[in-house]
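Here are the chains, one letter per residue:
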Amino acid sequence: MKHKFHIALTFFILLNTSVFCESYFSGYTGGKLNFGSQDSDVFSPQLKLQAFFAGQLNFTPNIWSHLEFSLDSGNLISESIFRKSESIFMIDEVSIIGRASLANSMNYLSFFLGKYDPIGTDIFLQRYFSIEPIASKITESYLGFAGSNLYPLSGIGIADVIRPQSSPVAGGLYLYMNHEDDDYYVFNSDLRFAGNLQYFTWDIAGGVGFPIIDDDQKKYEELLIAVEKLYWHAGTTILIGNNYTNGLFLQGGLYNAGLKKKGNLEISGDDIYFIFEPRFITHNFHTNISLYSIPSKTVRSLLFVDGNLGADLNIYSEDIKIGKKFFTIGCHFAAALIDFTVMDFADSDKLNSINTDYLSANITPYTTTDFLGGELHFMASVRIMEILRRNPCNIVTIDLGYRTKF
């Protein structure tokens, strides 16, 4: 897949240079630095960078393209400054979209590489209904729009979305190929249905993956088609209420549940995703209470989550004036189990083995404000369990981030 991404990126750049004088470009970019210690006994400074860029190039009013990539670095501080450090560079999305009228609807046909309108974010709702972000604040990330995924609707494929002009709903079909299975390429077919009402917003998707046997699978050499099992995945995002009222935010999903001939369903605890989040507004204060189960691969990219299964209390105000500037000031109080899933409750050995190494408890005050046309973000996380473990160098980490649109 890497060479396909390189070809797509080159194609995108060539299009950009050839039609720039007649096109319109907009984007969203940001990055953050995380400072802490990489050793618990002796202070050893560690500075990590996460950054992303997402851009949209409009060739005509009805044809445009998306490009998104992200960077997740290793420690930028070493004995020799400017020494090379390991980093992960990811092209998250390359796509081209065409829009056309179809009866009383608008039809959007897309060709994409990477993650496209990922389930678990509110990107689809923002793009097709022009709403403000509604995603949970515990899923904030500096690794782009796709920082939090219910399941990775990703690969190489096509999508077709229909949005009726007289109704606030949209439906879509996604056909794509990926290599999420270590042994096979998988062909996926997904359906999606979303809508936006004044006090109810939803985004529901689900589909099936079919493993494709290649020539190296010798036991299938006499067969045209062989399917040992299907992969089933589904996810939903729901907001009851809106950003200006008390509400209930829900997300849930299941990824790569294996379905065999006899109806046996194989489910891994790390493929189960849910957020249950009541939201309350009193005067100028917001209070969000989150109960969640989030896979490890997603936890690593999030700002405020430090364990797979846990709870978070987020209290904040968006209208605090200091001098001539307005600030959002708040605090997360979080407790979680690390490397523990809802399926582990059925495992008595895992339950009996729980000790302080499995526990995480953090207090994270934060603030954001407008700065140079963007948003400046600062947070400091106090790790309570590191105090109890007497690891003084790991008690506090500091993040400084900036995001802007252009």
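What this report covers is the structure whose coordinates are included nearby. Note that the structure is predicted; figures quoted are calculated from it, not measured.

Observations regarding a nonpolar patch on the surface
Logical step 1: A grouping of Leu33, Phe35, Phe43, Leu76, Ile77, Phe378, Val396, Ile398 and Leu400 is seen on the molecular surface, where their side chains present a nonpolar patch of about 710 Å² in accessible area.
Logical step 2: Only strand S1 (24–37) and strand S19 (396–405) provide two or more residues apiece to the nonpolar patch.
Logical step 3: Sort the elements by how many residues they give to the nonpolar patch and S19 lands first, with 3 residues.
Logical step 4: Relative to the helices and strands, Phe43 resides in the loop between S1 and strand S2 (45–60).

Description of the pairing of strand S8 (residues 185–196)
Logical step 1: Where strand S7 (residues 169–178) and S8 come together, 10 bridges link them in antiparallel fashion. By the bridge assignment for S8, Met177 is matched with Phe187.
Logical step 2: As paired elements, S8 and strand S9 (residues 200–212) share 12 bridges and run antiparallel to each other. Opposite Ser189, over in S9, you have Val208 as the bridge partner.
Logical step 3: Two successive antiparallel strands, S8 and S9, enclose a turn made up of 3 residues.

What about the side chain of Ser154?
Logical step 1: Along the polypeptide, Ser154 turns up in strand S6 (residues 154–164).
Logical step 2: According to the relative accessible area criterion, Ser154 is buried, its value standing at 9%.
Logical step 3: Contacts of Ser154, omitting those with residues within four sequence positions, involve Gly114, Lys115, Tyr176, Met177, Asn178 and Glu180.

Thresholds applied
- Residues numbered from 1 in each chain as written.
- Predicted model: local features only at pLDDT ≥ 70, side-chain atom pairs only at ≥ 80, totals over all residues.
- Heavy atoms only, no water.
- Patch = residues over 30% accessible without salt bridge, like charges linked within 9 Å, V, L, I, M, F, W, Y side chains within 5 Å.
- Areas by Shrake-Rupley, 256 points an atom, 1.4 Å probe, with all protein chains shown as cover.
- Salt bridge = Lys/Arg side-chain N within 4 Å of Asp/Glu carboxyl O.
- Helix = DSSP H or I, 4+ residues; strand = E, 2+ residues; numbered from the N terminus.
- Pairing = 2+ DSSP bridges.
- Buried < 20%, exposed > 50% of the residue type's maximum accessible area, 1.4 Å probe, protein only.
- Contact = heavy atoms within 4.5 Å.

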